[in-house]
Amino acid sequence: MASAQDGAPERDTAPADPAEPERGCTHAVGDTAAAREGMVARLEEAGVLRLGPVREALLAIRREVLIPHAYVRRSPPGELPPRWDLLAWADPADRDELLALLHGGESVLIQHSGEQVLGRIPGPRSGGVITSMTSVVGMTAGLLQELDLRRGQRVLDIGTGAAVTAAIACWICGDRNVVTLDRDAHLTEAAQARLADLGYWPTAVTGDGAEGWPGGAPYERIFVSYAVPRVPHAWVGQLAPGGRAMATLSGTSPSWPGLAIVTAAADGRVQGEVRPVEFGHRPGHGFERLCITREFLGRIEAGEDTSRLVHTRTAPPPDDARGFWLALDHLYPGLVRNWGADHLVIGAPVCGSWLTARAGESGRWSLAAEGPRDIWEEIQSVAALWRAAGAPSVYRLHLGDHDQQWISAGSGTTELSWPLPGSDTADGEEAR
């Protein structure tokens, strides 16, 4: 466990650019400030960031201090073993690329094969996998705005990673009010040191994310940066009256995530809802995720040319009917969407079944499919249930006794519902 230093003063105002540029740095503070301003401007233009404390925190927090090292993949897709370079802000030759990487808005790769984060030697790496990364800035900003962080709130940040959300919570709520938790001691150790470089001293804890951290409870806000199959009861129990917890809820497929929002009323009653969303966090440790491999895609493309086409005037629900797709993912698990295609392509990697659907002229659709699962029939079956329930875009999340959780919409004979797994799994954290 790495904890906050005793005696560190609590701040009434957040520091702006507290760290000086490194000696010999070719980028002045103004250059990094301009990079942050450009990142914020792009988020505003995209409609995911508005005026408020999250915006101000993104403008103030020096990302090159928080993330002084980042990986870049140098090998093309499919090349084995993969090749990586670890860039370092301390190296003038890396700064232009790293400055762009940190403020480009996409994920930043921060840990390779579970390595120690502090004291690494920059340079090339061969093989292995990336084991921690930041989340896309736009998604993080949108979620934190919805979380409605305020000064003085007690915050539990589960999934420390690069400590981006921990830093934002420190800036808004006050660093002594923040607890950040990760299962990887290398990440919490590095986060404690780098947050201190920014002038923040939150409590950094190494432990099982599913257990939360009762030592700092109760919390007005709980933010989770990795997907879970259910909401651990520990998180619910550690919410303060009037508190709110948010986490990505997902099945084995990454294609149709949901955002679980749990609120505790002043009288202690807890309510939950699940909102289908376009993007969500990656699954935590021990939570396997299905994927469509390039080999599988090749079989699908070849099969489209040889399979018998079926024509129908029944269209699949549109992509933005996310309530339907969330229900399909849970009622018929094991399906993955290929979002890179210009038409509907869904595969079931475990059994090798697949479906493609292309819109044609006069409202006709051309279907091609192979494998033991009838994916088109599964789609139409769930579509009928979803429409009967009122085509819900938000679902109720029931947090029952005896380890029972389920999702529902509608009522009576038209209720659409399904259970969630029966144990708190996936204790790992996905970094931000």
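For every chain, the first residue of its written sequence is number 1, and the numbers climb from 1 along that sequence. In view of the model being predicted, local features appear only for residues whose pLDDT reaches at least 70, and side-chain atom pairs are presented and counted only at 80 or more, with totals across whole chains, interfaces and linings using the full set of residues. To get the side-chain values, take all heavy atoms of the structure and skip hydrogens and water.

**Student:** Explain the packing of helix 2 (residues 53-60) against helix 6 (residues 164-173) here, please?
**Tutor:** Between two packed helices, the angle of one axis relative to the other and the distance separating the axes together describe the packing. Simply put, an axis is a line fit to the C-alpha atoms, just over the touching stretch for a helix, and the angle between two N-to-C directions goes from 0 to 180 degrees. Think of it this way: any DSSP run of H or I at least four residues long counts as a helix, any run of E at least two long counts as a strand, and we number them from the N terminus. In contact at an axis separation of 9 Å, helix 2 and helix 6 are set at 115° when each is read in the N-to-C sense. Crossing handedness for the pair helix 2 and helix 6: right-handed. Counted together, Pro53, Val54, Glu56, Ala57, Leu58 and Ala60 of helix 2 and Ile168, Trp171 and Ile172 of helix 6 form the full contact between these two elements. Each residue gets one label: Ala, Val, Leu, Ile, Met, Phe, Trp, Tyr, Cys and Pro are nonpolar, Asp, Glu, Lys and Arg are charged, and the others, such as Gly, are polar. Class assignment of the residues belonging to the contact of helix 2 with helix 6 gives a composition of 8 nonpolar, no polar and 1 charged. With the far helix as reference, a near helix turned anticlockwise by less than a right angle produces a left-handed crossing, and one turned clockwise produces a right-handed crossing. What makes two residues a contact is simply this: any of their non-hydrogen atoms within 4.5 Å.

**Student:** Please explain the pattern of salt bridges as it appears in this structure.
**Tutor:** Pairs may arise between side chains of opposite charge once their charged atoms sit close together. The rule for a salt bridge is simple: a side-chain nitrogen of Lys or Arg has to be within 4 Å of a carboxyl oxygen of Asp or Glu. Taken as a whole and judged by the stated rule, the model has 18 salt bridges. The partner of Glu295 in a salt bridge is Arg299, with the nearest N and O atoms 3.9 Å apart. Pair noted here: Glu295 and Arg299 are both in helix 9 (residues 294-306), with a separation of 4 residues, about one helical turn. Categorising residues by exposure relies on relative accessible area from a 1.4 Å probe, with only protein chains included: less than 20% of the type maximum marks a residue as buried, more than 50% marks it as exposed, and the intermediate range marks it as partly exposed. Overall, the relative accessible area of 43% leaves Arg299 in the partly exposed class. Put simply, Glu415 and Arg396 hold a salt bridge, and the shortest N to O gap is 3.6 Å. Note that Glu415 is positioned in the loop between strand 19 (405-409) and strand 20 (416-419) and Arg396 in strand 18 (residues 395-399), a separation of 19 residues in sequence. Classification of Glu415 by relative accessible area gives partly exposed; the value is 40%. The exposure class assigned to Arg396 is partly exposed, which follows from its relative accessible area of 37%.

**Student:** Got a minute to help me understand the sheet that holds strand 20 in this structure?
**Tutor:** Strand pairing in a sheet relies on backbone hydrogen bonds, with the paired strands running either antiparallel or parallel. Two strands qualify as a pair provided DSSP detects at least 2 bridges between them. Strand order in the open sheet formed by 10 strands is 8-7-6-9-10-11-12-18-19-20, with mixed pairing between adjacent strands. The open sheet has two free edges, formed respectively by strand 8 (203-206) and strand 20, since each of these has just one partner strand. The sheet shows a mean angle of 20° between the axes of neighbouring strands, direction not considered. As defined by bridge partners, strand 11 (residues 258-264) adjoins strand 12 (residues 270-276) across 7 bridges and the pair is classed as antiparallel. Within the sheet, the bridge partner assigned to Ile261 lies in strand 12 and is Glu273.

**Student:** Looking at this structure, how should I read helix 6?
**Tutor:** With 10 of 10 residues buried, helix 6 lies mostly within the body of the structure. Burial in helix 6 covers these residues: Val164, Thr165, Ala166, Ala167, Ile168, Ala169, Cys170, Trp171, Ile172 and Cys173. Looking one or two residues beyond helix 6, the residue adopting positive phi is Gly174, at roughly 100°.

**Student:** In this structure, what is going on with the sheet that holds strand 13 (residues 310-312)? I would like to understand it.
**Tutor:** Taken together, 5 strands build an open sheet; the order of strands is 13-17-16-15-14 and the sheet is antiparallel. At either margin of the open sheet sits one strand with a lone partner, and together these are strand 13 and strand 14 (336-337). Taken together, the 2 bridges between strand 14 and strand 15 (residues 344-348) define a ladder with antiparallel strand orientation. Each residue of the ladder has a partner; that of Arg337, found in strand 15, is Ile346. Along the sheet, helix 9 makes contact with strand 15, strand 16 (353-359) and strand 17 (365-370), crossing strand 16 at roughly 60°.

**Student:** Honestly, the nonpolar core in this entry has me stumped. Any pointers?
**Tutor:** Burial of nonpolar side chains together is a common tendency in soluble globular proteins. Throughout, nonpolar core names a set of buried Ala, Val, Leu, Ile, Met, Phe, Trp, Tyr and Cys residues whose side chains join them through atoms within 4.5 Å. Counting residues in each nonpolar core, the largest one holds 53 residues, and the members touching the most others are Leu58, Ile61, Leu66, Ile67, Leu149 and Ile168. Looking at which element gives the most residues to this core, the answer is helix 6, with 9 residues. Counting 50 residues, the second-largest nonpolar core is a separate cluster that includes Ala264, Leu328, Leu344 and Trp418.

**Student:** Could you clarify how one ought to interpret the environment of Leu198 in this entry?
**Tutor:** Of note, Leu198 is situated in the loop between helix 7 (185-197) and strand 8. Along the primary structure Leu198 and Val65 are separated by 133 residues, whereas in three dimensions their C-alpha atoms are 7.1 Å apart.

**Student:** Before we go on, may I ask you to explain the confidence of the model for the protein in this structure?
**Tutor:** Regions with low pLDDT carry predicted coordinates that are not meant to be interpreted in detail. Residue-level confidence of the predictor is summarised by pLDDT, bounded by 0 at the bottom and 100 at the top. Residue-level pLDDT values for the protein average 90, and 90% of them are 70 or greater. Note that pLDDT drops below 50 for residues 425-432; the model gives that stretch 58 contacts with residues more than four away or on any other chain.

**Student:** Mind showing me how you'd approach the pairing of strand 17 here?
**Tutor:** As a general feature of sheets, a regular strand has side chains that alternate between the two faces. Two elements, strand 13 and strand 17, share 3 bridges in a ladder whose sense is antiparallel. Counterpart to Val310 in the pairing with strand 17 is Leu367. Relative to strand 17, strand 16 is paired through 6 bridges, and the arrangement is antiparallel. Considered in strand 17, the bridge of Trp354 is made with Glu370. Hairpin connection from strand 16 to strand 17: 5 residues lie between these consecutive antiparallel strands, with Ser362 at a positive phi of about 60°.

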